[in-house]
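Descriptive analysis of the structure
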Amino acid sequence: MKKFKLLIIDDLPENISLMTNILKDDYEIVVANSAHLGLELAKKDPKVDLILLDIVMPQIDGYEVCKILKSHVCTQDIPVIFLTILDEASDVEKGFLSGGVDYVTKPFEPSILKARVKTHCILASQKKELKRFNHSLEALVVERTKELEQANLQVERLARQAALGDVIAMIAHQWKQPISVISMAVNYVLSDIELGQLNPEETQREMQNIIKQIDHMTSTIDNFRNFFKPNKEKQIVNVIEFFDCLRDLMRAVLSHYGIDLTIEFNGVETLEIYKNELLQVVINLINNAKDAIVSNGIQNGKITIKLHKLNNGVNVEICDNGGGILESVAEKLTEAYVTTKGDKEGTGLGLYMSKMIVQKHLQGTLDWYNQNGGACFCITIPQ
Ligand SMILES: Nc1ncnc2c1ncn2[C@@H]1O[C@H](COP(=O)(O)OP(=O)(O)OP(=O)(O)O)[C@@H](O)[C@H]1O
Ligand SMILES: [Mg+2]
């Protein structure tokens, strides 16, 4: 085992040799016969583990030396044991106040000297070890914190990507219907041309319809681009204008499938909402009703929208006669990717997105039930 190294600072050679004799077998020893030399050696030699320091010395006394040692970074951790002929309480106290850890009185009792030196060498080395351990622990904490920060950044990046993915999926979903309307309109005009029956008024109507659908597609991008931004201003919307706009957008599809759309306002005149977001929801619900009516081959397809005033809000109920919601999906209807329409026709995102818009953005609820051979979806929005 490595020997501890002691520095003895004493101006009396006989004291130095006495101590050296007692300690030399167990310790490596360096000596200084003056305070100046002692300070110099202590600063120069980083391997000194403990200092035995005489109190009474010419020029600088032991207390002063100890204070100087404690004020330097490179020597402040070396424990100092005072050597004193004095055994008075005030001297002992002064020694402790100047930074000593212990004292030994002269004449030396070898066993006491050995015991004190050993205890303080061990204590100091354990302290050093602990300090080293703390340093490496701190370094580890810094390293782990950095790693965590990196991981957090990565998670944020992924979350942003996922949110972007959601937005793209939502836009794609909401674009399906206008794209099919535009394609229908173009086909009408093309077949009129082919048949030589081009009618300027009808062509103009189709073109206007195309422009409306394109405007709606553009506003869909804006809606979903702002989708995750909180603190948007709600608008006071005139319900007649709102449902006129809806009719305009859905007219082509509904008339194509011969579906009748009735709207009952029941005294509701305005709504305080995010207009475009409610529009996206109602379009989804009407498309679903249309899909049910078409796929079940219902002849007189009918969709009814009824508004009802509540004490603290408004109900918008959308019912159809398309055969109702299948039991197999009724429980998990608003989960993402739940669909009965097969891969090509449905993504199963419509109701998931609608519920999210109603709950998170309109602070409302979306419920559904089957009734009179059809499905009813009920949006409740607080006002
Ligand atoms: N009015 C309705 N009548 C009967 N079933 C409905 C009605 N609305 C929704 N559903 C059922 O709920 C399922 C989920 O609807 P959702 O709108 O979430 O997805 P989707 O319509 O299947 O697909 P996408 O919306 O992508 O076209 C539908 O597949 C259908 O089975
Ligand atoms: Mg749908």
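Treat the numbers as computed from the prediction; the structure is a model and nothing was measured.

For the rest of this paragraph, the subject is the overall build of the chain. Each helix and strand in the chain was counted, giving 11 helices and 12 strands. In terms of its C-alpha atoms, the chain occupies a principal-axis envelope of roughly 130 × 50 × 40 Å. In the chain, buried positions account for 40% of the 383 residues. Sequence-distant contacts, at least 24 apart, represent 67% of the contacts inside the chain between residues at least 6 apart. Side chains of the chain give 41 positive and 51 negative charges; the mean places of these two sets differ by 4 Å.

The next subject is the sheet that holds strand β11 (residues 365-371). Read from one edge to the other, the open sheet built from 5 strands follows the order β7-β9-β10-β12-β11, with strand pairing classed as mixed. The sheet is open, and its two borders are formed by β7 (260-264) and β11, each paired with just one other strand. Taken pair by pair, the neighbouring strands of this sheet meet at an average axis angle of 15°, ignoring direction. Bridge count for strand β10 (residues 313-320) against strand β12 (residues 374-382) is 7 bridges, and the pairing is antiparallel. Across the sheet, the residue bridging to Ile318 is Phe377, located in β12. Contacting β7, β9 (302-309), β10, β11 and β12, helix α8 (residues 275-295) runs over the sheet at an angle of about 145° to β9.

Applying the stated criterion across every chain, the model contains 1 disulfide. Unpaired in terms of disulfides, Cys378 finds its nearest cysteine sulfur in Cys319, a separation of 8.1 Å. Under the relative-accessibility criterion, Cys378 is labelled buried at 9%.

A few words now on the layout of surface pockets. A volume near 1,100 Å³ is recorded for the largest pocket. Lining the largest pocket are 44 residues, with Asn287, Asn288, Asp291, Ala292 and Lys341 sitting closest to its centre. Contributions of two or more residues to the lining of the largest pocket are made by α5 (110-194), α7 (239-256), α8, β10, α10 (342-345), α11 (350-361) and β12. Considering every element that reaches the lining of the largest pocket, the biggest residue donor is α8, with 11 residues. In this model, the second largest pocket occupies a volume close to 550 Å³. In terms of lining, the second largest pocket is formed by 22 residues, of which the most central are Asp77, Ile78, Pro79, Ala124 and Lys128. In terms of residue count, the dominant contributor to the lining of the second largest pocket is α5 (10 residues).

As enumerated under the stated definition, the model contains 1 cavity of 30 Å³ or more in all. A volume near 60 Å³ is recorded for the largest cavity. For the largest cavity, the full set of lining residues is Ile55, Phe82, Thr84, Asp91, Val92, Gly95, Phe96, Gly100, Asp102 and Tyr103. If you list the elements that add at least two residues to the lining of the largest cavity, you get β4 (80-84), α4 (89-97) and β5 (102-105).

All right, on to the domain arrangement of the chain then. By domain assignment, the chain separates into domain 1 (5-108) and domain 2 (230-382). Taken over C-alpha atoms, the centre of domain 1 sits 90 Å from the centre of domain 2.

Cis geometry marks the peptide bond from Lys106 to Pro107; its omega dihedral reads -5°. Relative to the assigned elements, Pro107 resides in the loop between β5 and α5. The phi angle at Gln363 is positive, at roughly 55°, despite the residue not being glycine. In this fold, Gln363 is placed in the loop between α11 and β11. Not every positive phi belongs to a glycine, and Asn372 is a case in point at roughly 45°. Note that Asn372 resides in the loop between β11 and β12. Of the residues examined, Asn372 reaches a relative accessible area of 72% and is grouped as exposed.

Attention now moves to the pattern of salt bridges. The final tally for this structure, using the stated rule, is 17 salt bridges. Among the ionic pairs, Asp49 bridges to Lys128, the shortest N-O distance being 3.3 Å. Of this pair, Asp49 sits in the loop between α2 (35-44) and β3 (50-54) while Lys128 sits in helix α5, and the two are 79 residues apart along the sequence. Judged by relative accessible area, which is 8%, Asp49 ranks as buried. Residue Lys128 is classed as partly exposed on the basis of its relative accessible area of 41%.

Turning to the packing of aromatic side chains, a few remarks are in order. By convention here, two paired aromatic rings are described through the distance between centres and the angle between planes. Tallied over the full model, the rule gives 5 aromatic pairs. Each ring, one from Tyr63 and one from Phe82, has its centre 5.7 Å from the other, and the planes form 55°; the classification is tilted. Here the residue Tyr63 occupies a position in helix α3 (residues 62-71), and Phe82 occupies one in strand β4, the gap between them amounting to 19 residues. The same class applies to Tyr63 as to Phe82, namely buried. Seen in terms of ring centroids, Phe96 and Tyr103 are 6.3 Å apart; in terms of plane orientation they differ by 80°. Their pairing is edge-to-face.

This next bit is on the side chain of Asp102. On the secondary structure map, Asp102 appears in strand β5. At 2.9 Å, the side chain of Asp102 forms a polar contact with the side chain of His120. When sequence neighbours within four positions are dropped, the list of residues in contact with Asp102 reads Val80, Ile81, Phe82, Phe96, Arg116 and His120.

Conventions we followed
Residues numbered from 1 in each chain as written. Chains lettered and ligands numbered in written order. Predicted model: local features only at pLDDT ≥ 70, side-chain atom pairs only at ≥ 80, totals over all residues. Heavy atoms only, no water. Helix = DSSP H or I, 4+ residues; strand = E, 2+ residues; numbered from the N terminus. Buried < 20%, exposed > 50% of the residue type's maximum accessible area, 1.4 Å probe, protein only. Contact = heavy atoms within 4.5 Å. Lys, Arg positive; Asp, Glu negative; His and termini not counted. Charge placed at Lys NZ, Arg CZ, Asp CG, Glu CD. Pairing = 2+ DSSP bridges. Axes fitted to C-alpha atoms, helices over the stretch in contact; angles between N-to-C directions. Disulfide = S-S within 2.5 Å. 1 Å grid on protein atoms, 1.4 Å probe; cavity = no way out; pocket = protein on both sides within 12 Å on 5 of 7 lines; lining within 4 Å. Points joined across faces, edges and corners; volume = space filled by probe spheres on them. Domains from an automatic or database assignment. Salt bridge = Lys/Arg side-chain N within 4 Å of Asp/Glu carboxyl O. Phe/Tyr/Trp six-rings, centres within 6.5 Å; stacked < 30°, edge-to-face > 60°. Polar contact = N/O pair within 3.5 Å; in protein donor to acceptor, adjacent residues only side chain to side chain.

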